[in-house]
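Chain by chain, the residues run as shown.
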Amino acid sequence: MLDRRDLLLGTAGLSVEAAMFRPTGITEAPEKLRTQLAKAQNDFRLGKHAALGKRLPGLMDRAVSGSDKRLTTDMWTLATEYLIKTEQDDLALLASDRAATAAAESGDRLAQAEAEYCRCMTLRHSGRSRTAYTITADAASKLADGGLRTSDDFATYGHLFLTAGYSAASAGDAGRAEDYMREAESIAARFPSDVAHGMWFFGPAQAGLYRLSMENALGNVGGGVNAARALDPVRLPTPERRARYWIDVARLYGQWTGHHVDVAAAVRRAYVEAPGEVTSRPKVLELARDAGLST
C-alpha cells in the first residue's frame, strides 16, 4: 500500500485525466497553491503549453481537495484554457463545469461570471456557439444588475461581451456579434491600457484583438484587414496574446486564394512570440503545413 509520501511523489507523474478522475486527496496550504497557480498561469501567458502540461496535473490534484473555492475556480479556468488550446474538448467541457461549481460554492460573483466565460469557450469549441453567446450575454446582464462599481467589475463585464461577440460571429449571427462587440469596446474605452483581471486581460488592445477574431469568424476579410492594421500587436500584454494576433492574421490570409506566403509569414511571427502556440496546437500546425512550412 502506498503511504502519504509515495502519493506526494507520485503526483509529479499524474496525467490531467488522473488528476480529474482519480485525485489523491492531498492538498497544501492555500498560499503555496496560489504560488503554484501563478507559475502555471505564467506558463500559459508565455505560450509554454508543454511546461504547463507537466505542472498542471499536480496543481489540479492538490487544489480540488482544498477549501479555497476561489482558488479552485481559478485553477479550473486555467485547466479549461489549457485543454482548449490542446484540443481536448471533452475534458475542457468537464473542467468548465467544475469551474462553475467551484465558483458557485465560492459565492464570488466575479468568479461566477468568469466561469461562464469558460463555459462559453467550451460550448463554442463543441459547435454550440449560439448557446455560448446566449449564456454569456445573460451572465454579463446579471453582473450588471448587481452593480458595476470597481475596475474588475467593468473588466469582467466587458470581457464577457468580447467573448459573446466572437461566439455570435462563430454562429454566423453578424448583427448580435456587432452589438456585443460595440458594447465591449465602449467599456474598453474606459481603460487607458489593458489591465490584468483574473486569468485574462481587458482593455483597448484586447478589444481590438477580439474585433479581428470576430471579423475572421464572419469571413469578413476586409473588416479583418482593417482590424489587423488598427492594432499594433506590441500593445498586447503577453506572448500568448501576441501569438494569437499573428495566428488570426494567418487565418485571415488563409481565406484568400494565393496568399500562402503571407500565411507562412504570420505563422512564423506567431512562432517567434510563443513557439508553443504553434507546436502544441494541432489546428495551427495544420495551418502551417497548408502554408508549406515544415513542422
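You'll find the structure just up there.
So, here's what we can say about the structure. Computed from a prediction, not measured in an experiment: that's the story for all the values here. (Residues numbered from 1 in each chain as written. Predicted model: local features only at pLDDT ≥ 70, side-chain atom pairs only at ≥ 80, totals over all residues. Heavy atoms only, no water.)

**What about helix α9 (residues 151-170)?**
Since the α-helix advances by 3.6 residues per turn, residues separated by three or four positions end up pointing in the same direction. Taking 1.5 Å per residue as the helical rise, α9 with its 20 residues ought to reach 28 Å, and the 29 Å between its terminal C-alpha atoms agrees with that figure. Most of α9 sits inside the fold, with 17 of its 20 residues counted as buried. Two residues or fewer past α9, Gly172 is found with a positive phi of approximately 80°. (Helix = DSSP H or I, 4+ residues; strand = E, 2+ residues; numbered from the N terminus. Expected span 1.5 Å × (residues − 1). Buried < 20%, exposed > 50% of the residue type's maximum accessible area, 1.4 Å probe, protein only.)

**Here we look at the state of the cysteines**
Applying the stated criterion to the full structure yields zero disulfides. Left without a disulfide partner, Cys118 is nearest to the cysteine sulfur of Cys120, which lies 9.7 Å away. A relative accessible area of 0% means that Cys118 is categorised as buried. According to the relative accessible area criterion, Cys120 is buried, its value standing at 0%. (Disulfide = S-S within 2.5 Å.)

**What to know about helix α6 (residues 89-106)**
Helix length check: α6 (18 residues) gives 25 Å between terminal C-alpha atoms against 26 Å at 1.5 Å per residue, within 8%. Every buried residue of α6 is listed here: Leu91, Ala92, Ala95, Ser96, Ala99, Ala100, Ala102 and Ala103. Along its buried surface, α6 packs onto α2 (16-21), α5 (69-85) and α7 (109-125). (Contact = heavy atoms within 4.5 Å.)

**Description of the layout of surface pockets**
Size it by volume and the largest pocket reaches roughly 720 Å³. In terms of lining, the largest pocket is formed by 31 residues, of which the most central are His125, Tyr166, Arg244, Arg251 and Arg281. Of all elements in the fold, only α3 (30-45), α5, α7, α9, β2 (200-202), α11 (204-218), α13 (239-254) and α16 (282-290) reach the threshold of two or more residues within the lining of the largest pocket. Ranked by residue count, the leading element in the lining of the largest pocket is α13, at six residues. Grouping the amino acids of the lining of the largest pocket by side-chain chemistry returns 12 nonpolar, six polar and 13 charged. In this structure, the second largest pocket encloses a volume near 200 Å³. Lining the second largest pocket are 13 residues, and of these Arg109, Gln112, Ala113, Glu116 and Lys142 lie nearest its centre. Listed by contribution, the elements that provide at least two residues to the lining of the second largest pocket are α6, α7 and α8 (129-145). Looking at which element gives the most residues to the lining of the second largest pocket, the answer is α7, with six residues. (1 Å grid on protein atoms, 1.4 Å probe; cavity = no way out; pocket = protein on both sides within 12 Å on 5 of 7 lines; lining within 4 Å. Points joined across faces, edges and corners; volume = space filled by probe spheres on them. Nonpolar A, V, L, I, M, F, W, Y, C, P; charged D, E, K, R; others polar.)

Note that all results are geometric; they support no functional claim without further evidence.
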